[in-house]
Amino acid sequence: MISPSNWKPTDGITLEPNAYKAATSDEGSVIVAAGPGAGKTEMLAQRADYLLRTGICPYPRRILAISFKVDAARNLQERVRKRSGAKHAKRFDSLTFHAFAKRIIDNYRPALTGPHTLNPRYVVGEEADFPNAIGYKNMVPLATEILRTNSYALHGLRQTYTHIFFDEFQDVTSEQYELFVTAFGETSAQLTAVGDTKQRIMAFAGALEGIMGKFSTEFDALSLNLYQNRRSAPVLQRMQNRIISEIEPHDAIPQKEIEGENGIIEVLPFPTSSDEAQRIAELVRHQIDAGIPPSEIAVLVRQQANLVAGELFDAFDAQNISYRNDQELQDLASEPLAMLIFNFVQVLTGTNEPTAYASLMNLVSVMSTDDEKTIRIDRAIKEKLNTLGKTLRNNPSCRDSAQFWKPEILDFLNLVSDSFLIALSASYSQGDRLKELIAEVLEVFERTLDLVKDPLDAVRRLTGTNAVRVLTIHKSKGLEFRHVIVLGVENELFWGSLEETQAEFFVAISRAKERLTLTHVNFRLRPEQATKRWDEKRSAHKQFLEYAKRI
Ligand SMILES: Nc1ncnc2c1ncn2[C@@H]1O[C@H](COP(=O)(O)OP(=O)(O)OP(=O)(O)O)[C@@H](O)[C@H]1O
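Quick caveat, the model's predicted, so the values are computed rather than measured.

Peer 1: I would appreciate a short explanation of the overall build of the protein chain in the present structure.
Peer 2: Helix and strand content of the protein chain: 23 helices and 14 strands. Relative to the globule expectation of 24 Å for 551 residues, the C-alpha radius of gyration of the protein chain, 24 Å, shows essentially globular dimensions. With the principal axes as the frame, the protein chain shows a C-alpha extent of 65 × 60 × 50 Å. Out of the 551 residues in the protein chain, the part that is buried amounts to 41%. Restricting the contact set of the protein chain to residue pairs at least 6 apart, pairs at least 24 apart contribute 77%.

Peer 1: Please clarify how helix α22 (residues 498-509) should be interpreted in this entry.
Peer 2: Owing to its 3.6 residues per turn, the α-helix brings residues three or four apart onto one side. Between its first and last C-alpha atoms α22 spans 16 Å; for 12 residues at 1.5 Å apiece the expected length is 16 Å, and the two agree. For α22, the set of buried residues is Thr-501, Gln-502, Ala-503, Glu-504, Phe-505, Phe-506, Val-507, Ala-508 and Ile-509. Looking at the buried residues of α22, the elements they touch are α10 (234-247), β10 (297-301), β13 (481-486), β14 (512-523) and α23 (542-546).

Peer 1: Is there a simple way to explain the packing of helix α6 (residues 136-149) against helix α8 (residues 174-184) in this structure?
Peer 2: Between two packed helices, the angle of one axis relative to the other and the distance separating the axes together describe the packing. It is the contact of α6 with α8, at a shortest axis distance of 9 Å, that shows an interaxial angle of 20 degrees. As summarised for this structure, α6 and α8 are arranged roughly parallel, according to the angle between their axes. Considering only the axes of α6 and α8, their crossing is left-handed. Residues Val-140, Pro-141, Ala-143, Thr-144, Leu-147 and Arg-148 of α6 lie in contact with α8, whose contacting residues are Glu-175, Gln-176, Glu-178, Leu-179, Thr-182 and Ala-183. Class assignment for the residues of the contact of α6 with α8 results in six nonpolar, three polar and three charged.

Peer 1: Sorry if this is basic, but what is going on with the site of the ligand here?
Peer 2: Surrounding the ligand, one finds 18 residues, the nearest of these being Pro-36, Gly-39, Lys-40, Thr-41 and Arg-230. Taken together, the residues of the shell around the ligand sort by class into five nonpolar, seven polar and six charged. Inspection of the shell around the ligand shows a minimum of three residues originating in each of domain 1 (4-105 + 137-226) and domain 2 (234-322 + 468-547).

Peer 1: I tried to follow the sheet that holds strand β11 (residues 323-325) on my own but got confused; where do I start?
Peer 2: In a beta sheet, neighbouring strands are held together by backbone hydrogen bonds and run either parallel or antiparallel to one another. An order of β9-β14-β13-β10-β12-β11 is seen for the six strands of this open sheet, with the pairing classed as parallel. The two strands at the open ends of the sheet, each matched to only one other strand, are β9 (264-272) and β11. Sheet twist, expressed as the mean angle between neighbouring strand axes with direction ignored, is 20 degrees. In the sheet, β10 pairs with β13 via four bridges, with the strands oriented parallel. Each residue of the ladder has a partner; that of Ala-298, found in β13, is Val-484. Contacting β9 and β14, α10 runs over the sheet at an angle of about 70 degrees to β9.

Peer 1: Is there a simple way to think about the UniProt feature "binding site: ATP" (unreviewed entry) in the protein chain in this case?
Peer 2: Feature annotation in UniProt places "binding site: ATP" (unreviewed entry) on Ala-34, Gly-35, Pro-36, Gly-37, Ala-38, Gly-39, Lys-40 and Thr-41, given in this structure's numbering. With respect to the helices and strands, Pro-36 occurs in the loop between β1 (30-33) and α2 (40-54). Those residues in contact with Pro-36 that sit more than four places away from it in its chain are Asp-196, Gln-199, Asn-229, Arg-231, Gln-240 and Ser-510. Structurally, the position occupied by Lys-40 is in helix α2. You can call Lys-40 buried: it has 23 C-beta atoms within 10 Å. If near-sequence neighbours (up to four positions away) are discounted, Lys-40 is found in contact with Val-32, Ala-34, Val-194 and Leu-226.

Peer 1: I keep staring at α6 and nothing clicks. Help me out?
Peer 2: Between its first and last C-alpha atoms α6 spans 21 Å; for 14 residues at 1.5 Å apiece the expected length is 20 Å, and the two agree. Among the residues of α6, those classed as buried are Met-139, Val-140, Leu-142, Ala-143, Thr-144, Ile-146 and Leu-147. In this fold, the buried residues of α6 make contact with α5 (97-108), β5 (133-135), α7 (151-160) and α8.

Peer 1: How should the nonpolar core be read in this particular structure?
Peer 2: Within soluble globular proteins, side chains that are nonpolar tend to cluster in buried spots. If you look at the biggest cluster of nonpolar residues, it comprises 113 residues, and the most contacted ones within it are Ala-143, Val-299 and Leu-300. Mapping this core onto the domain boundaries places at least three of its residues in each of domain 1 (4-105 + 137-226) and domain 2 (234-322 + 468-547). Aside from chain neighbours lying at most four places away, what touches Ala-143 is Ala-101, Ile-104, Ile-105 and Leu-179. Counting 25 residues, the second-largest nonpolar core is a separate cluster that includes Ile-341, Phe-344, Ala-356 and Leu-421.

Rules used throughout
- Residues numbered from 1 in each chain as written.
- Predicted model: local features only at pLDDT ≥ 70, side-chain atom pairs only at ≥ 80, totals over all residues.
- Helix = DSSP H or I, 4+ residues; strand = E, 2+ residues; numbered from the N terminus.
- Rg over C-alpha atoms; globule rule 2.2 N^0.38 Å.
- Buried ≥ 20, exposed ≤ 12 C-beta atoms within 10 Å, placed from the backbone.
- Contact = placed C-beta atoms within 7 Å.
- Expected span 1.5 Å × (residues − 1).
- Axes fitted to C-alpha atoms, helices over the stretch in contact; angles between N-to-C directions.
- Parallel < 35°, antiparallel > 145°, perpendicular 65-115°, else oblique.
- Left-handed = near helix turned anticlockwise from the far one by under 90°.
- Nonpolar A, V, L, I, M, F, W, Y, C, P; charged D, E, K, R; others polar.
- Near = placed C-beta within 6 Å.
- Domains from an automatic or database assignment.
- Pairing = 2+ DSSP bridges.
- UniProt positions renumbered as here; feature names shortened; annotations may be inferred.
- Core = buried A, V, L, I, M, F, W, Y, C linked by C-beta atoms within 7 Å.

Rendered as structure tokens:
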């Protein structure tokens with residue numbers, strides 16, 4: 001434990017004065033508004049470190065952090081683990097709004113009565129069908145109702161958390177705001193929200209306009225701004241600044257104040273989508289050969305990423321480039337159980353996979369506080385890794401066969417034991433969820449292995465480690481990459497209100513640290529699987545491409 005006056009940001013980071021103020025604020029709520037890459041998420045990670053290491057969030061109480069996307073929640077959890085160590089990070093719950101709502105529902109489901117009764121094997125899907133199924137959109141309102149009507153639930157939550165964080169607060173909807181006011185309004189919990197109105201891309205889903213100001217007024221929060229862009233090279237910052245001068249003129253700064261010539265922006269026009277796929281795959285191959293880790297390259301698509309990038313996937317295969325198609329995988333790779341299985345395969349098949357090994361062992365140690373049991377399991381896993389490692393060395397041909405892996409993975413999960421697996425996520429204790437999830441992971445692993453014939457490549461594709469990411473702009477929120485390629489800057493993809501498309505384009509380009517590539521084509525081949533509108537004839541989105549010029 002250290003005293004607050006001795007606390008310093010970890011990992012050699014220096015915080016600008018307002019970030020330091022927000023990270024170490026001991027009273028009341030705080031709201032931080034700042035542009036992309038200003039270090040909002042980093043400030044939250046440092047604040048968690050401050051609260052945990054000084055004991056201002058005392059054991060056994062916890063910090064709750066809420067983000068919008070699984071990746072962003074995981075990113076924050078990972079930052080806290082790196083900054084404060086696994087022991088402190090155990091008291092940091094980084095969840096999406098949906099996961100938070102689901103936890104409340106799972107914990108207090110037995111007390112639900114009337115039309116909202118849910119049976120223990122309920123599933124979450126598109127539509128509600130009580131008592132067997134709940135729709136995604138019902139989860140937040142149902143969690144709010146539970147907190148309103150069940151004082152144990154409300155009290156339990158308030159007893160657990162002393163501090164609450166919100167990332168990307170600009171996108172909070174009225175239902176989410178209600179959940180959070182019901183849970184933490186009029187309590188002593190300290191709330192810290194960060195956001196950027198210029199990155200408001202959930203208006204279509206009901207994001208509340210003026211939510212940052214509303215929070216500031218209703219919670220009498222200290223409002224702070226951050227000013228430096230820590231992410232993007234100056235050339236990229238100048239392009240962002242041009243867009244800011246249109247979206248929020250008050251936030252723009254004179255272009256000449258952004259000094260320096262580092263950073264690359266290129267606009268690549270192509271006659272056809274096939275030419276585009278070919279050239280982009282060559283470019284990515286070239287980047288990887290030049291030493292850029294594949295996971296530092298992302299291809300962003302506004303909509304229908306699966307279809308728009310279809311030809312690119314084939315071109316990546318031809319160039320032997322591992323990629324992770326986020327749309328196909330949905331959120332499977334964010335399941336701790338899937339990570340456990342993938343890390344297991346990765347440790348056994350990679351030549352040097354220290355991160356996978358550390359994550360594997362770390363997951364096991366985080367699962368329990370019962371030390372003797374942890375040590376036993378830890379030993380059993382190490383033995384299993386040893387013997388299986390030997391088998392693989394003696395019979396290398398087993399590596400590429402799904403028939404080989406399936407029983408070994410099941411045996412490994414057996415060693416870990418159901419009670420430990422259930423401790424990974426509250427939802428695993430429901431009905432057949434655990435069994436179904438194991439089957440789902442094995443199925444997707446088998447399918448990918450059949451396709452790529454290499455278990456390490458299969459796992460990389462499934463987890464995104466060492467794989468180029470292909471994802472929608474929405475999923476890229478809060479993430480960053482050295483090289484970002486925005487595929488199809490065309491009127492036919494960026495359709496809708498200017499306010500909405502401009503904010504999405506802004507989010508996309510501001511993910512790039514060093515290089516930004518924008519493409520557009522005249523002809524985009526209609527894929528067989530396309531069911532929605534698809535215009536083959538395409539036109540460049542001149543206004544957006546114009547931002548890339550004269551910078
Ligand atoms: N004080 C700092 N010193 C050095 N690097 C920093 C600092 N703050 C943030 N960074 C780095 O800058 C990058 C951007 O930070 P971060 O992701 O926290 O920004 P953000 O404001 O949340 O961005 P966005 O809203 O675009 O998602 C990260 O790589 C982060 O590690």
